[in-house]
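A structural walkthrough
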Amino acid sequence: MLQPRNILFRLKWVGSRSCSNYVSRMRYLSRMKQDDEVCRTALQSGNIFLYHQLAPLLQRTDIGTYQFPAFPAEDVKGILENLGESNEMLWETILINCTERNKAQFSLDVGSIEQAAVEKLCGGTFTDLRKAFFLLRGPEATLAARGQALLRWHQTNGFCSSTGQPTQRNQSGSQRVCHSSGITYYPKMSPVVIALVSDGKRCLLGRQSTFPRGMYSALAGFCDMGETMEETLCREIAEEVGLEVESIQYSGSQHWPFPQSSLMVACHATVNADNTRIRVDTVELEDARWFSLEEVQELLKIKAPPRNNKGEPPVFWVPPRYAIANRLIQEWANQQQLKS
Ligand SMILES: NC(=O)C1=CN([C@@H]2O[C@H](COP(=O)(O)OP(=O)(O)OC[C@H]3O[C@@H](n4cnc5c(N)ncnc54)[C@H](O)[C@@H]3O)[C@@H](O)[C@H]2O)C=CC1
Ligand SMILES: [Mg+2]
């Protein structure tokens, strides 16, 4: 296989942060992960995000927007007491982050309690995460996804795959241990590479048959064991559309909670302009095609899934802003515009 000739990594975003506070915050988080007692103390004055069977609780604000409310641990205690539940449930919280002011943030799934009763007490609605992603602002959506991913991991890793014995979590939820085999399990993510392929003038978008009607996206694929990110990218493009990648440019990454946790590594990839004939692997993709800058600009104007009436040809659209695919497509359009 042809190796990419030009692999350019650019770290574009490292976040805006006050350095000293950032360091102390990360060290505090690390202590909470390592020391159960530190975590228990932090929980007493921490904030808790609520989920019901992995759906985060959202509140509608006075101006019609949505927020992902954090409840002080004391309030959650009150809610549990009010509903006749034991306070012990508080210890099931999972540490997800801490605020700029070093307040620990946790997620808790109250799926064993009647949903409507919690919603009434909390003044919110448990909302499917995919829908929540449309309703929340960026940082809140990221937090909701992170909390859900950790809760899901704990719900599905209760047993050791070697001995079949139950595993025990630490207080923060950063790991589970099988005391019978001594194996420690850590929350798992699958690395995925997502690439927007260009021939210099057009970009290539594809769709899987399971995508919502009319949606086209950048091509993505899971890393095979032992592969580098670049190898995955070249292999996936070859497999899915029969093209050979010549150069790769790193763009950014994103934790993606659907259907299980993935770390999406996003790149721009270029193929030779003289060899652009697409040969779609129809097992993986339903369709793939080249789009011009003008077409892409039209796709980017569509902000929400369009009404695609049955019988009528579908309106094409691309993943929404929260998906890293959208960012790749936006970046490509901006670069092309600068060129023209
Ligand atoms: N955030 C974003 O902008 C986007 C995210 N994605 C995500 O990227 C991921 C990968 O894209 P696909 O084209 O579906 O991958 P893919 O091209 O590797 O095909 C999926 C198939 O790979 C196999 N596979 C190998 N390792 C796997 C693993 N660790 N987990 C699950 N399946 C594995 C399975 O047979 C599965 O059906 C999907 O989860 C999708 O949700 C895809 C497009 C946009
Ligand atoms: Mg794929």
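Because the structure is a prediction, the values reported are computed rather than measured. (Residues numbered from 1 in each chain as written. Chains lettered and ligands numbered in written order. Predicted model: local features only at pLDDT ≥ 70, side-chain atom pairs only at ≥ 80, totals over all residues. Heavy atoms only, no water.)

1. Quick word on the coordination of the magnesium ion (ligand 2)
Looking at the magnesium ion (ligand 2), one finds its protein donor set to be Ala220 (O) and Glu240 (OE), positioned 2.1 to 2.2 Å from the metal centre. Of the two residues, alanine 220 sits in strand 14 (residues 219-222) while glutamate 240 sits in helix 7 (residues 229-241), which places them 20 residues apart along the sequence. (Donors = N, O, S within 2.8 Å, 3.2 Å for Na, K, Ca; no water. Helix = DSSP H or I, 4+ residues; strand = E, 2+ residues; numbered from the N terminus.)

2. Quick look at the pairing of strand 13 (residues 203-207)
Within strand 13, five of the five residues are buried, which leaves it mostly tucked inside the rest of the structure. Bridge count for strand 12 (residues 190-198) against strand 13 is two bridges, and the pairing is antiparallel. Its bridge partner being in strand 13, valine 197 is matched across the sheet by leucine 204. Between strand 12 and strand 13, which pair antiparallel one after the other, the connecting turn spans four residues, and glycine 200 there sits at a positive phi close to 100°. When strand 13 meets strand 17 (residues 287-291), the two strands line up antiparallel, connected through five bridges. Pairing of leucine 205 across the sheet is with arginine 289, part of strand 17. (Buried < 20%, exposed > 50% of the residue type's maximum accessible area, 1.4 Å probe, protein only. Pairing = 2+ DSSP bridges.)

3. Observations regarding the UniProt feature "domain: Nudix hydrolase" (unreviewed entry) in the protein
According to UniProt, the feature "domain: Nudix hydrolase" (unreviewed entry) maps to residues 187-319 in the numbering used here. Secondary structure content for residues 187-319 is 17% helix and 34% strand, while the C-alpha to C-alpha distance between its ends is 27 Å. (UniProt positions renumbered as here; feature names shortened; annotations may be inferred.)

4. A few points about the confidence of the model for the protein
This prediction gives the protein a mean pLDDT of 93; 94% of its residues lie at or above 70. Segment residues 1-16 is flagged for pLDDT under 50; beyond a separation of four residues in sequence, or across chains, it makes 26 contacts in the model. Interface predicted TM-score (ipTM) for the complex: 0.96; the corresponding pTM is 0.90. (pLDDT = per-residue confidence, 0-100. Contact = heavy atoms within 4.5 Å.)

5. Quick notes on the site of ligand 1
Of all residues adjacent to ligand 1, which total 19 residues, the nearest are Gln208, Ala220, Phe222, Glu240 and Ala325. Residue glutamine 208 places a side-chain N or O atom 2.8 Å away from an oxygen atom belonging to ligand 1. In this structure, an oxygen atom belonging to ligand 1 sits 2.9 Å away from a main-chain N or O atom of alanine 220. Notes on ligand 1: free accessible area 860 Å², of which the protein chains cover 64%. Structurally, ligand 1 is housed in the second largest pocket. Contributing elements (two or more residues each) for the shell around ligand 1: strand 12, strand 14, helix 7, strand 15 (245-256) and helix 9 (324-339). (Near = heavy atom within 4 Å. Polar contact = N/O pair within 3.5 Å; in protein donor to acceptor, adjacent residues only side chain to side chain. Areas by Shrake-Rupley, 256 points an atom, 1.4 Å probe, with all protein chains shown as cover. 1 Å grid on protein atoms, 1.4 Å probe; cavity = no way out; pocket = protein on both sides within 12 Å on 5 of 7 lines; lining within 4 Å. Sits in = over half its atoms within 2 Å of the grid points.)

6. Some remarks on the sheet that holds strand 11 (residues 184-185)
Ordered by their spatial adjacency, three strands build an open sheet running 9-10-11, and the pairing between neighbours is antiparallel. Single-partner strands in this sheet number two, and they are strand 9 (168-169) and strand 11. Across two bridges, the pairing between strand 10 (residues 176-177) and strand 11 is antiparallel. Residue pairing for strand 11: arginine 176 is matched across the bridge by tyrosine 185.

7. Some remarks on the nonpolar core
In this structure, Phe68, Phe133, Ile194, Leu196, Leu205 and Val296 are the most contacted members of the largest nonpolar core, which totals 42 residues. The residues that make up this core include at least three from each of domain 1 (20-157) and domain 2 (190-339). For valine 296, the contacting residues outside a window of four places in its chain are Cys203, Phe291, Ile329, Trp332 and Ala333. Counting 27 residues, the second largest nonpolar core, distinct from the first, contains Cys39, Leu50, Leu80 and Val110. (Core = buried A, V, L, I, M, F, W, Y, C linked by side-chain atoms within 4.5 Å. Domains from an automatic or database assignment.)

8. Digging into the pattern of salt bridges
Across all of its chains, the model carries 13 salt bridges by this definition. Salt-bridge contacts for arginine 235 lead to aspartate 224; the nearest nitrogen and oxygen are separated by 3.6 Å. A residue pair is termed long-range when its members are at least 10 positions apart, and arginine 235 in helix 7 and aspartate 224 in the loop between strand 14 and helix 7 qualify at 11 residues. Given the relative accessible area of 43%, aspartate 224 is considered partly exposed. The partner of glutamate 331 in a salt bridge is arginine 327, with the nearest N and O atoms 3.3 Å apart. With glutamate 331 and arginine 327 both in helix 9 and four residues apart, the pair spans about one turn of that helix. Through salt bridges that share partners, Asp224, Glu227, Arg235, Glu236 and Glu239 make up one connected network. (Salt bridge = Lys/Arg side-chain N within 4 Å of Asp/Glu carboxyl O.)

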